[in-house]
Amino acid sequence: MKSTSSRSVLSRRHLLGLGLTTAVASGALAACTSSGTSGTGGPASAVDTDILPTYRSFDEVVPDLAPQPGLTSSGFFRYPDPVAFSDSAPGDGRPINAMVQTFLAIPPALPQNAYWQEMNRRLGSDLSLSITPAGEYAAKFATAVAGGTLPDMFHVGPTPSLPAFMEARATDLTDHLSGDAILNYPGLANLETDCWKQCVINGRIMGIPIARGIIGVPVLYARSDVLRERGIDEDPASFADLLELCRELTAPQANTWALTGVPMAYLRGMLDLPERWALEDGSFVSTLTDERHLQALEAGRALEAAGTVNPDSAVAPLSQKKQWLAAQTCALHADSFVSWFGLYQQNAGLDGFEIHALSVPGYDGGQGSQVQPIPNVGISAINIDAADRVESLLAVASWFAAPFGTEEYLFQKYGIEGTHFTWDDGDPVVDPDTANQVELGTRYIADATRVLYAPGRSEVVEQAYDYQSRSNTKVIKDPTLGLYSETASRHYDSLNGALLSLELDILAGREPVTAWTAGVEEFMAGGGTEIIDEYRRAHAEAG
Amino acid sequence: MRILTALVMAAACALVLVPFAGIISTSLAPSDQVTRSGGMVLIPESISLDAYRSVLSGGVVTRALLVSIGVTVVGTAVSLSVSALLAYATSRRHMVGRTAVVTLILLSLLFTPGMIPSYLAVKDFGLINSYAALVLPVALSAFNVIVMRAFFLGLPGEVTDAARIDGANEWQIFTRIALPLSRAMLAVVGLFYAVGYWNAFFTALLYLDDAARWPLQLVLRTYVVNENPLGAADLGIDRLPAQPSLQMAILVTSVVPILCIYPFLQRHFATGVLTGAVKG
């Protein structure tokens, strides 16, 4: 157990300040983004790689498509015969309180939830959950921090000065997870080493990654069936091809447009252009002044000017854009790679619905780059007040991270056989009457490494695997993984928000492309320069 | 000129009414039309009540609707009671410490507690995860107390003096004379409170961990604004209508009850609002 004597102590006033600042922080969870909280500590700091946990993949389940390190995930055509993962219940018999977010419907309470009751039995501890819709988690987290009501385990919400907060409120997990120590927790050991970099703060492992790995990358989907109907069977090989394709798919008089929105990540990928930061000749730099940003914006403007983007795209939420794709109002849609399977699930009732991710070509031909953000969607932590039961709580986290193919994974994702799912040709089929019981949000405490699996759709798994094999040969990684910038943690969201707003104005034609340069200057003057300096120092420290 | 005015007015009305029409139409449109249109529908091909049946079938929305009605009714009653008592007391010239109390009320208009101090207070009172947390912290609105106090100050002294001569005590004067004369003002202030309770979602988010206790507005925010998808099981139904229809049906359901109250209170509005506006 680590001594706490060396910790920097946060006063109640400081915590209140943190909470208040957090409460007004907007939008995305800072812990999930590159907004300065991707790891480590101090104004600018980096990961000491010596303390990172050992990676040991779970190999008792053999995938149909073997993972290629750095290129692809494992692919499964059927759910394998479930294997047992743990010998005994991980809990210590004492109640466990946890605080999580969810992007789905709030599940029924414990008395009405057979799944939750069974989970408590299997855990060997009663799990008490505070489940908050993701959009409101920042406020809930801030009040819990300031009110001193953080539970035993919690998903870390947006927090300026993350190192100070984690030192004051989270249990140091280094002695339990560093190196081979993690092998006592095989579910956590099955998470790739890179994921842990975000959890290292001031040289200590202070959290557990909520890993998504390479399935969280942005892609541009096309309605394959729509393209086939029009005799289009090849992906665009350059920007000119993309523009031509979009023109062909657009018919405003028929209420159809090619794109649900301007796919800026895809365009930047075509130009091999990192969105904000890059490593050039081993040193950390900003790409904001790169001329290719102007070229990407010009390309986006060209798509808009050609009338190929749904005119409501700027104000439409993601769900609306998915509806457009389903209704063939649009045939191309930018989304996350993991949505590949979700889009099929959502449109299971649509005859002929078929999608694929477009390859990323170079702007003028050749191969473009696949953008790869930070591999986690955040981190979770164990309350410092629960440090006396850290081993049991880590065992619980490891159980939550039970790998695909295990009985534990099957239960966590699909529930109880006969109550929440049935088997159909080797795949679990969810019962819609009880499906809402199963999502408790525990995946935001710890989660398994993601694999490619779409029940009943082996061809989709193959397509997704093929896409990964092709696209991940040339990638743009977010270099801020494992680096920390105090200025970014406080100001990046607002600075970046202004740039994104300017980008929208440029794409809509309200501002000229040249306005980008002035926007970048404002970004730099507002704190961007400090952010780059801090990241640069952090990167240099990391060697 | 009249035609131009009419055109401008019609355009202004259309700007307001067309979105409402879209909301109602989408909630009533058949699912396949909503899917085909990619979201909103302005003119439904046929009328389908599936979305309303789903919303009111006993699942999360129905429960939240009942919670909202309960919180609004109880909260408004509590708020009106404590506000009227405080306003009446501070309007009596012989009340000891009246100036200090009124100053405190006014100060609360200038300095409002933020989210976190409020949360700490609610937590220290042991109200977390209780319906009382939705009512007690906001039971008293200084603005409404000032409005009510102004009204009570305006009551003719002769009336209360006459009652006193007839042997009435302060409580009897308050309940049998002041309150019956204040119906217009009570209606308006009651409406202010009711709308406040009906629309509140943030207090529920902070203070209620159990989603089964959530009021309608938090459900609305979760499933319509933040777009967490609702499943058939959440609504207690077998087949789910199109999500946009469901979302718009929830929206309509959340607006209709409070809209229904307005016509009954409309006639009191001018009297009630003007009272607070001219004397404080």
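Below, the discussion takes up the overall build of chain A. Looking only at helices and strands, one finds 18 helices and 21 strands in chain A. Considering only C-alpha atoms, chain A reaches an extent of 65 × 60 × 40 Å along its principal axes. The buried share of chain A, taken over its 543 residues, is 59%. Nonlocal contacts in chain A, meaning residues at least 24 apart in sequence, comprise 79% of its contacts between residues at least 6 apart. Only carbon and sulfur atoms are counted for the fraction: they give 49% of the accessible area of chain A, which is about 20700 Å².

Another point: the overall build of chain B. If you tally the helices and strands in chain B, you get 15 helices and 0 strands. With the principal axes as the frame, chain B shows a C-alpha extent of 75 × 60 × 35 Å. The contacts of chain B with a sequence gap of at least 6 include a subset with a gap of at least 24, amounting to 73%. Summing over all exposed atoms, chain B offers an accessible surface of approximately 14200 Å²; the carbon and sulfur share of this is 70%. Of the side-chain charges in chain B, 17 are positive and 13 negative, and the distance between the mean point of each set is 11 Å.

Here the focus is the nonpolar core. Grouped together as the largest cluster of nonpolar side chains are 118 residues, with contacts concentrated most on M166(A), L188(A), W196(A) and F152(B). Take this core: its biggest share by element is 10 residues, from helix α4 (residues 60-91) of chain B. The residues touching M166(A), leaving out its near neighbours within four places in the chain, are V156(A), I201(A), M206(A), G207(A), I379(A) and A381(A).

On to the pattern of salt bridges. All names here are of chain A. Per the stated rule, a full pass over the model turns up 31 salt bridges over all chains. Between R268 and E275 there is a salt bridge, with the nearest N and O atoms lying 3.6 Å from each other. Its relative accessible area of 6% is what places R268 among the buried residues. With a closest N to O distance of 2.8 Å, D447 and K413 form a salt bridge. In this pair, D447 is assigned in the loop between β18 (427-430) and β19 (452-453) and K413 in helix α15 (residues 407-414), connecting sequence segments 34 residues apart. A relative accessible area of 21% means that K413 is categorised as partly exposed.

What follows deals with the pairing of strand β3 (residues 96-102) of chain A. All names here are of chain A. Extensive coverage of β3 is indicated by the burial of 6 of its 7 residues. Strand direction decides the pairing type here: β3 and strand β4 (residues 127-133), joined by 7 bridges, are parallel. Within β4, the residue paired with V100 across the bridge is I131. Each parallel crossover has a hand, and the one from β3 via helix α2 (residues 114-123) to β4 is right-handed.

Now for the side chain of H539(A). Residue and element names in this part refer to chain A. Following the sequence through the fold, H539 ends up in helix α18 (residues 515-542). Under the relative-accessibility criterion, H539 is labelled buried at 16%. A distance of 3.5 Å separates a polar atom in the side chain of H539 from the backbone oxygen of G282. Look past the residues within four positions of H539 in its chain and what remains in contact with it is L279, G282, S283, F284 and L483.

Attention now goes to the domain arrangement of chain A. Taken domain by domain, chain A comprises domain 1 (12-213 + 375-450) and domain 2 (218-372). For domain 1 of chain A versus domain 2 of chain A, the separation of C-alpha centres amounts to 31 Å.

Here the focus is the packing of helix α3 (residues 137-147) of chain A against helix α6 (residues 115-124) of chain B. With their axes 9 Å apart at the nearest point, α3(A) and α6(B) run at an angle of 60 degrees to one another. As summarised for this structure, α3(A) and α6(B) are arranged oblique, according to the angle between their axes. Crossing hand, α3(A) versus α6(B): right-handed. Contact residues: α3(A) offers A139(A), A142(A), T143(A), A146(A) and G147(A), while α6(B) offers M115(B), I116(B), Y119(B), L120(B) and K123(B). Residue composition of the contact of α3(A) with α6(B), grouped by class: 7 nonpolar, 2 polar and 1 charged.

All names here are of chain B. Two numbers describe how α4 lies on helix α8 (residues 142-153): the axes approach to 8 Å, and their chain directions differ by 50 degrees. Between α4 and α8, the angle falls in the class oblique. Between α4 and α8 lies a crossing whose hand is right-handed. Across from L80, S83, A84, L86, A87, Y88, T90 and S91 in α4, the residues of α8 making contact are V145, M148, R149, F152 and L153.

On to the interface of chain A and chain B, then. At the junction of the two partners, chain A supplies 37 residues and chain B supplies 35 residues. Between the two partners, chain A and chain B, sit 2 salt bridges. Where chain A meets chain B, there are 8 residue pairs in polar contact (both at pLDDT 80 or more). For the side of chain A that touches chain B, the secondary structure elements donating two or more residues are α1 (12-24), β4, α3 and α12 (318-326) of chain A. The element best represented in the side of chain A that touches chain B is α3(A), accounting for 6 residues.

Residues and elements named next belong to chain B. A cluster of nonpolar side chains, namely L104, L106, L107, L109, L110, F111, F143 and F192, defines an oily patch on the protein surface of about 830 Å² accessible area. Ranked by residues supplied to the nonpolar patch, first place goes to helix α5 (residues 98-110) with 5 residues. L107 gets classed as partly exposed once you look at its relative accessible area, which sits at 35%.

What follows covers empty space enclosed by the protein. Residue and element names in this part refer to chain B. In this structure the tally under the stated criterion is 3 cavities of 30 Å³ or more. Of the pockets and cavities examined, the largest cavity occupies roughly 70 Å³. In this structure, the largest cavity is lined by S68, V71, T72, L134, Y197, W198, A200, T203, A204 and P215. Looking at the lining of the largest cavity, the elements with two or more residues in it are α4, α11 (183-199) and α12 (202-207). At 3 residues, α4 tops the list of elements feeding residues into the lining of the largest cavity. Tallied by class, the residues present in the lining of the largest cavity amount to 7 nonpolar, 3 polar and no charged.

Basis of the calculations
- All chains use their own residue numbering, which begins from 1 and follows the written sequence.
- Lettering for chains starts from A, numbering for ligands starts from 1, and both go in the order in which the items are written.
- Where totals are concerned, whole chains, interfaces and linings use all residues; where local detail is concerned, this predicted model gives features only for residues with pLDDT of at least 70, and gives and counts side-chain atom pairs only at 80 or more.
- Hydrogens and waters are ignored; side-chain quantities use all the structure's heavy atoms.
- Secondary structure counts use DSSP, requiring at least four H or I residues in a row for a helix and at least two E residues in a row for a strand, with both numbered from the N terminus.
- For the exposure calls, accessible area comes from a 1.4 Å probe over protein chains only, and a residue counts as buried if that area is under 20% of its type's maximum, exposed if over 50%, partly exposed in between.
- We call two residues in contact whenever any of their non-hydrogen atoms come within 4.5 Å of each other.
- Under the convention used here, a 1.4 Å probe and the Shrake-Rupley method define accessible areas, while residue burial counts only the protein chains that appear.
- For this count, His and the chain ends are skipped, Lys and Arg are scored as positive, and Asp and Glu as negative.
- Where a charge lies is defined by one atom per residue type, namely NZ (Lys), CZ (Arg), CG (Asp) and CD (Glu).
- Think of a nonpolar core as a cluster: buried Ala, Val, Leu, Ile, Met, Phe, Trp, Tyr and Cys residues, connected wherever their side-chain atoms sit within 4.5 Å.
- Criterion for a salt bridge: a side-chain nitrogen of Lys or Arg within 4 Å of a carboxyl oxygen of Asp or Glu.
- By the convention used here, strands pair only if DSSP detects at least 2 bridges between them.
- A right-handed crossover is one whose linking path, passing over the helix from the first strand to the second, runs clockwise when the strands point away from the viewer.
- The definition of a polar contact used here is a pair of N or O atoms within 3.5 Å, where within protein one atom must be able to donate a hydrogen and the other to accept one, and adjacent residues in sequence count solely through side-chain atom pairs.
- For each domain, the first and last residues come from an automatic or database assignment.
- Axes here refer to lines fitted to C-alpha atoms; in helices the fit is confined to the stretch in contact. Angles between the N-to-C directions go from 0 to 180 degrees.
- These descriptions rest on fixed angle ranges, namely under 35 degrees for roughly parallel, over 145 for roughly antiparallel, 65 to 115 for roughly perpendicular, and the rest for oblique.
- Whether a crossing is left-handed or right-handed is set by the direction in which the near helix is turned from the far one by less than a right angle, anticlockwise for left-handed and clockwise for right-handed.
- Amino acids are sorted into nonpolar (Ala, Val, Leu, Ile, Met, Phe, Trp, Tyr, Cys and Pro), charged (Asp, Glu, Lys and Arg) and polar (every other residue, Gly among them).
- Patches in this entry comprise residues that are over 30% relatively accessible and not in a salt bridge; like charges within 9 Å are linked, as are nonpolar side chains (Val, Leu, Ile, Met, Phe, Trp, Tyr) within 5 Å.
- Cavity means a closed set of points on a 1 Å grid over the protein atoms alone, one where a 1.4 Å probe fits but cannot get out, pocket means an open set with protein on both sides within 12 Å along at least 5 of 7 lines, and lining means a residue has an atom within 4 Å of a point.
- Grid points are joined across faces, edges and corners, and a volume is the space filled by probe spheres set on the points.

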